[in-house]
Amino acid sequence: AHQAAPAACAMALPPSVWRTGSGGDGPPAMTTSDTVGDIVSDVDSFRCGDPVVAVRDLRVRGCVVVRVGGKGGVVGPGSSSRRICVQFEHREDLSDNRLNCLPEELRHALVGGHQVGVRVRAARPLEDSRNRTIAPGMPGIIVGPGRDPLEQGRRLLVRFALSSEEIVEDIACDPDDIETAIAGNFRRGNAVIATRDLRVGGAVVVREGVLGSVIGPSSSDSQHRITVSFSHREDGSRNRLNCVVNEIRLYLASGLEIGAHVQVGRTVTLHDGHPAVPGGTRGFVVGPSADEPLINVLVRLDSPLTFGGPSEREIRADDLQLVIAGGFRRGESVSAAKDLRVKGVVVVKQGVVGTVVGQSATDPSGRVTVAFARREDGRCNNLNVVPAEITRLPCTGGLVPGDRVAALRQLLVVPRGAYGSVLGPSCARSSRVAVRFAPVDDTEEEVVLHVEPEDLRALHAVGEDVDESGPEFGTDGDEMTEDVVRTPVAGGYDRGDTVAATRDLCVRAKVVVRANVIGNVVGPSGDDPMGRVTVAFSWREDGKTNNLNVVTSEIRKVEPRSVARGELCAICLGELLVDGGASEAAEGDGADDTAQDDGTHENPPEEGPPPPRPPCEDICRMPCGHVLHAGCIRSYLNHQTQNAGRMSAMQATNSVAALAPLKPAQCPVCRRDVLP
């Protein structure tokens with residue numbers, strides 16, 4: 001039971017009163033063990049004026065008078081031995097009397113929310129009373145509030161162990177001078193991902209690969225557990241989880257890992273006053289960037305002295321490439337060159353397709369981690385293989401993943417001449433390849449399109465060192481410097497021409513395309529290149545998306561319909577045309593020459609002169625016929641392809657997510673694959 005304390009006890013506390021002897025009948029002192037010494041919570045830990053908080057409900061004669069968390073201030077020693085007199089701000093019985101409390105019923109209310117006994121580390125260089133330097137990262141433990149009368153309540157007293165002389169030193173620190181030490185060397189605010197399914201009571205609450213944020217050390221086991229707030233829980237709860245160190249790992253942008261061997265893909269100019277990092281420079285990932293951890297990573301360069309500057313630089317993860325054994329690239333499609341065995345048992349048959357996940361964690365320089373589509377043992381684990389055990393899957397047109405290419409014509413929002421890099425064969429059409437096109441200027445975003453090899457020109461193969469200065473065409477629209485042989489199309493059509501069916505088109509006596517349905521010329525038919533044309537129609541009655549081989553009399557060339565005033569973009573819901581008159585939409589396929597008006601329009605124009613063409617925002621026509629803003633389409637394609645690849649990096653070893661960049665984007669209106 002607590003005792004009411006007289007008001008006259010607000011005085012300086014003599015050491016003889018505050019110190020607890022080894023004998024006596026009082027309760028044992030609460031001790032926290034640490035390498036820097038034992039922190040004893042007893043009457044000697046509190047001084048007059050210290051702000052305190054009740055750690056449990058305090059009772060007088062069985063009635064609660066102060067709730068847990070109640071704030072107060074020490075006013076002196078208690079009238080009884082080994083007690084402390086505290087004046088609380090609020091009492092449940094509305095009394096103004098003070099309470100004589102036991103030391104274990106109180107804790108210091110320290111600035112910054114810190115607590116006595118919490119392990120911390122120096123956040124920046126500090127100096128002790130003898131001008132000895134305490135380096136950043138040196139561990140310490142909070143022993144109480146600062147004792148300077150002028151700064152009481154605004155500083156912390158931290159005990160550091162000076163390992164060089166095996167002595168301890170108590171230093172008054174500002175809250176910004178220290179940071180809470182968290183198990184596994186994590187830091188508050190670090191982005192992490194779950195390394196496995198996390199369970200509570202046997203039920204999975206967080207799936208492997210889910211992103212989370214470190215809140216701090218666990219209050220129940222600060223030495224081995226970490227409190228994490230995950231972005232999604234299977235049970236719908238928003239509660240945080242106390243995870244052990246091996247259940248989470250630090251998340252780095254683009255799925256990189258600490259210790260990964262990387263190479264700078266292009267010359268990187270950083271706004272830190274140091275020289276640019278030339279392309280081809282190699283190094284090792286040290287950790288996330290301090291300022292933008294979800295975008296940049298800290299890289300320790302192998303040879304910084306050759307170009308000057310510090311050895312560790314913060315570089316965008318998108319500008320880095322994993323140096324994978326055998327010259328493979330992440331996301332590249334491969335196949336098993338032979339039967340792969342684990343402990344003598346075949347787990348992957350020869351010819352099974354897989355996707356390169358990255359470097360092997362056990363042997364980064366000699367092995368490759370591959371996610372195979374099928375394993376004989378029924379498991380879905382990745383395999384670490386040597387480069388000789390896998391082969392690259394060639395793409396159509398003689399291209400291989402990693403080849404640098406340029407667009408030979410306008411491909412939706414990608415201008416003619418734009419550079420790209422082959423990702424691999426298209427999973428939508430065997431005749432196409434997936435290409436990641438780089439933005440032409442800083443205002444654009446990179447996109448992934450599944451295109452025909454005939455629409456590309458190979459610049460150089462993987463590994464060649466070639467300078468790039470931009471799209472290979474002049475501002476006046478001149479042709480590229482190299483001659484390109486284009487396969488002729490029957491009927492004088494050209495790839496990308498907009499056509500319409502002249503009648504109902506049937507396959508096995510069933511109508512698959514109605515008359516006047518719009519389509520785009522893909523190229524000459526593979527079966528009869530001189531007499532038939534392959535066309536991708538925007539709609540088929542049977543719901544399929546296959547192209548059709550038609551004779552020239554079954555289609556006619558048309559101009560895209562004009563966009564009417566008031567039509568809205570389905571993405572931004574803004575008007576497609578600006579005020580001042582209607583204008584025709586630019587063709588999404590970017591054909592250089594438009595068809596002349598021969599009266600075969602699907603919707604014949606009205607009589608009279610055509611309306612003026614005022615300046616308007618660029619418009620893109622999708623292969624399915626829907627018209628949208630070009631800028632909206634580029635952002636949408638970037639979101640569906642590149643961001644899908646970044647999500648796969650967050651899911652670590654998920655082989656399905658690793659294949660996400662090879663899936664074609666879909667029209668936001670009709671959800672048909674975008675195949676220019």
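Residues numbered from 1 in each chain as written. Predicted model: local features only at pLDDT ≥ 70, side-chain atom pairs only at ≥ 80, totals over all residues. Heavy atoms only, no water.

Caption draft 1: View of the overall build of the chain. The number of helices and strands found in the chain is three helices and 52 strands. In the chain, which comprises 676 residues, the proportion classed as buried is 44%. Counted over contacts in the chain with a minimum sequence separation of 6, partners at least 24 positions apart contribute 54%. Here the chain displays about 34700 Å² of accessible surface, and carbon together with sulfur accounts for 48% of that area. (Helix = DSSP H or I, 4+ residues; strand = E, 2+ residues; numbered from the N terminus. Buried < 20%, exposed > 50% of the residue type's maximum accessible area, 1.4 Å probe, protein only. Contact = heavy atoms within 4.5 Å. Areas by Shrake-Rupley, 256 points an atom, 1.4 Å probe, with all protein chains shown as cover.)

Caption draft 2: Seen up close, the environment of Gly-265. Relative to the elements of secondary structure, Gly-265 occurs in the loop between β25 (261-264) and β26 (282-288). Relative accessible area serves as the criterion here: at 43%, Gly-265 is assigned to the partly exposed category. If we ignore the near neighbours within four places in the chain, the residues touching Gly-265 are Gly-279, Asp-319 and Gln-321.

Caption draft 3: Here's a closer look at the sheet that holds strand β18 (residues 191-194). The strand order β23-β22-β21-β18-β24 describes an open sheet built from five strands, whose pairing is antiparallel. Looking at strand neighbours, the two that pair on one side only are β23 (241-244) and β24 (248-250), the edges of this open sheet. Averaged over all neighbouring strand pairs, the angle between strand axes comes to 50 degrees, with direction disregarded. Pairing between strand β22 (residues 225-230) and β23: four bridges, direction antiparallel. Counterpart to Ile-226 in the pairing with β23 is Cys-243. (Pairing = 2+ DSSP bridges. Axes fitted to C-alpha atoms, helices over the stretch in contact; angles between N-to-C directions.)

Caption draft 4: Up close: the pattern of salt bridges. Applying the stated criterion across every chain yields a total of 19 salt bridges. Where Arg-124 meets Asp-177, a salt bridge forms, and the shortest distance between an N and an O atom there is 2.4 Å. A residue pair is termed long-range when its members are at least 10 positions apart, and Arg-124 in the loop between β11 (119-122) and β12 (126-127) and Asp-177 in the loop between β16 (167-173) and β17 (178-180) qualify at 53 residues. According to the relative accessible area criterion, Asp-177 is buried, its value standing at 6%. (Salt bridge = Lys/Arg side-chain N within 4 Å of Asp/Glu carboxyl O.)

Caption draft 5: Broad picture of the side chain of Arg-409. Among the structural elements, Arg-409 can be located in the loop between β37 (404-407) and β38 (419-425). You can call Arg-409 buried: its relative accessible area is 7%. Of note is the side chain of Arg-409, whose polar atom sits 3.1 Å from the side chain of Asp-455. (Polar contact = N/O pair within 3.5 Å; in protein donor to acceptor, adjacent residues only side chain to side chain.)

Caption draft 6: Focus on the confidence of the model for the chain. The share of residues in the chain with pLDDT of 70 or more is 75%, and the mean pLDDT across the chain is 75. pLDDT under 50 marks residues 580-616. Its contacts with residues more than four places away, or in other chains, come to 62 contacts. (pLDDT = per-residue confidence, 0-100.)

Caption draft 7: The environment of Val-346, seen in detail. Take Val-346: it is sitting in strand β32 (residues 345-348). A C-alpha to C-alpha distance of 8.8 Å links Val-346 and Arg-375, two positions 29 residues apart in sequence. Dropping the residues within four chain positions of it, Val-346 is found in contact with Asp-339, Leu-340, Arg-341 and Glu-376.

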